Amino acid sequence: MIVGEVIGNVWATRKENTLNGLKLMVVQYQDPILPEKKNSFVAVDCVGAGTGEQVLVVTGSSARMAIKNVDAPVDAAIVGIIDQIQVKSE
């Protein structure tokens, strides 16, 4: 799983039919230990996440399973909204 932050939405009026009805969000990678900015990507939202929320993201076949459509052209899916992250500091 990937930790990320939702930084925006994607609207596409013309898209592959299997994407109709899916909410597309822009997610920026996050590392809980290193706070530097990372690359971003588009993910399908399965849990009602909003801009500014930290989320859990799955990729590949797990993302297609999350949206219950293994034939959809989906690489990433938001499957959880993070309440808190706790890591051991050294």
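Fair warning: this is a prediction, and the values are worked out from it, not measured in the lab. (Residues numbered from 1 in each chain as written. Predicted model: local features only at pLDDT ≥ 70, side-chain atom pairs only at ≥ 80, totals over all residues. Heavy atoms only, no water.)

**Student:** I tried to follow the overall build of the chain on my own but got confused; where do I start?
**Tutor:** Within the chain one finds 1 helix and 5 strands. A globule of 90 residues ought to have a C-alpha radius of gyration of about 12 Å, and the chain, at 13 Å, matches this closely. Buried residues in the chain amount to 31% of all 90 residues. Considering only intrachain contacts with a sequence separation of at least 6, the fraction spanning at least 24 residues in the chain is 54%. Entry remark: accessible area of the chain is about 6100 Å², with carbon and sulfur atoms responsible for 48%. In the chain, the 8 positive side-chain charges and the 10 negative ones have mean positions that sit 5 Å from each other. (Helix = DSSP H or I, 4+ residues; strand = E, 2+ residues; numbered from the N terminus. Rg over C-alpha atoms; globule rule 2.2 N^0.38 Å. Buried < 20%, exposed > 50% of the residue type's maximum accessible area, 1.4 Å probe, protein only. Contact = heavy atoms within 4.5 Å. Areas by Shrake-Rupley, 256 points an atom, 1.4 Å probe, with all protein chains shown as cover. Lys, Arg positive; Asp, Glu negative; His and termini not counted. Charge placed at Lys NZ, Arg CZ, Asp CG, Glu CD.)

**Student:** Is there a simple way to think about the sheet that holds strand β5 (residues 76-81) in this case?
**Tutor:** Remark on secondary structure: sheet strands pair via backbone hydrogen bonds, oriented parallel or antiparallel. The 5 strands are arranged β1-β2-β3-β5-β4 in a closed barrel whose pairing can be described as mixed. Neighbour-to-neighbour, the strand axes of the sheet open up by a mean angle of 55 degrees, direction not taken into account. By the bridge criterion, 5 bridges tie strand β4 (residues 54-59) to β5 in an arrangement that is antiparallel. The residue bridging Thr-59 from the neighbouring strand is Ala-76, located in β5. (Pairing = 2+ DSSP bridges. Axes fitted to C-alpha atoms, helices over the stretch in contact; angles between N-to-C directions.)

**Student:** What is the right way to look at the environment of Glu-5 in this model?
**Tutor:** Turning to its location among the elements, Glu-5 is positioned in strand β1 (residues 2-10). It is 13 Å that separates the C-alpha atoms of Glu-5 and Val-58, two residues lying 53 residues apart in sequence. Sequence-distant contacts of Glu-5, that is, excluding residues within four places in its chain, are made with Val-26, Val-27, Gln-28, Gln-30, Gly-52, Glu-53 and Gln-54. Here Gln-30 takes part through its side chain, which lies 3.2 Å from a polar atom of the side chain of Glu-5. (Polar contact = N/O pair within 3.5 Å; in protein donor to acceptor, adjacent residues only side chain to side chain.)

**Student:** I keep staring at unusual backbone geometry and nothing clicks. Help me out?
**Tutor:** Peptide bonds are mostly trans, and most non-glycine residues show a negative phi. Of note, Lys-68 is a non-glycine position whose phi angle comes to about 60 degrees, a positive value. Here Lys-68 is to be found in the loop between α1 (61-66) and β5. A relative accessible area of 75% means that Lys-68 is categorised as exposed.

**Student:** Would you mind showing me how to read a nonpolar patch on the surface here?
**Tutor:** Where nonpolar side chains cluster on the molecular surface, the patch consists of Ile-33, Leu-34, Ile-85 and Val-87 and spans about 350 Å² of accessible area. Here Leu-34 shows up in the loop between β2 (23-29) and β3 (40-45). Given the relative accessible area of 44%, Leu-34 is considered partly exposed. (Patch = residues over 30% accessible without salt bridge, like charges linked within 9 Å, V, L, I, M, F, W, Y side chains within 5 Å. Salt bridge = Lys/Arg side-chain N within 4 Å of Asp/Glu carboxyl O.)

**Student:** Please clarify how the packing of aromatic side chains should be interpreted in this entry.
**Tutor:** Two aromatic rings are characterised by how far apart their centres lie and by the angle between their planes. Considering all chains together, one arrives at 1 aromatic pair under this definition. Summarising the aromatic geometry, the rings of Tyr-29 and Phe-41 are spaced 4.7 Å apart at their centres and angled 50 degrees between planes, so their arrangement reads as tilted. Taken together, the positions of Tyr-29 in strand β2 and Phe-41 in strand β3 put the pair 12 residues apart, joining distant regions of the chain. (Phe/Tyr/Trp six-rings, centres within 6.5 Å; stacked < 30°, edge-to-face > 60°.)

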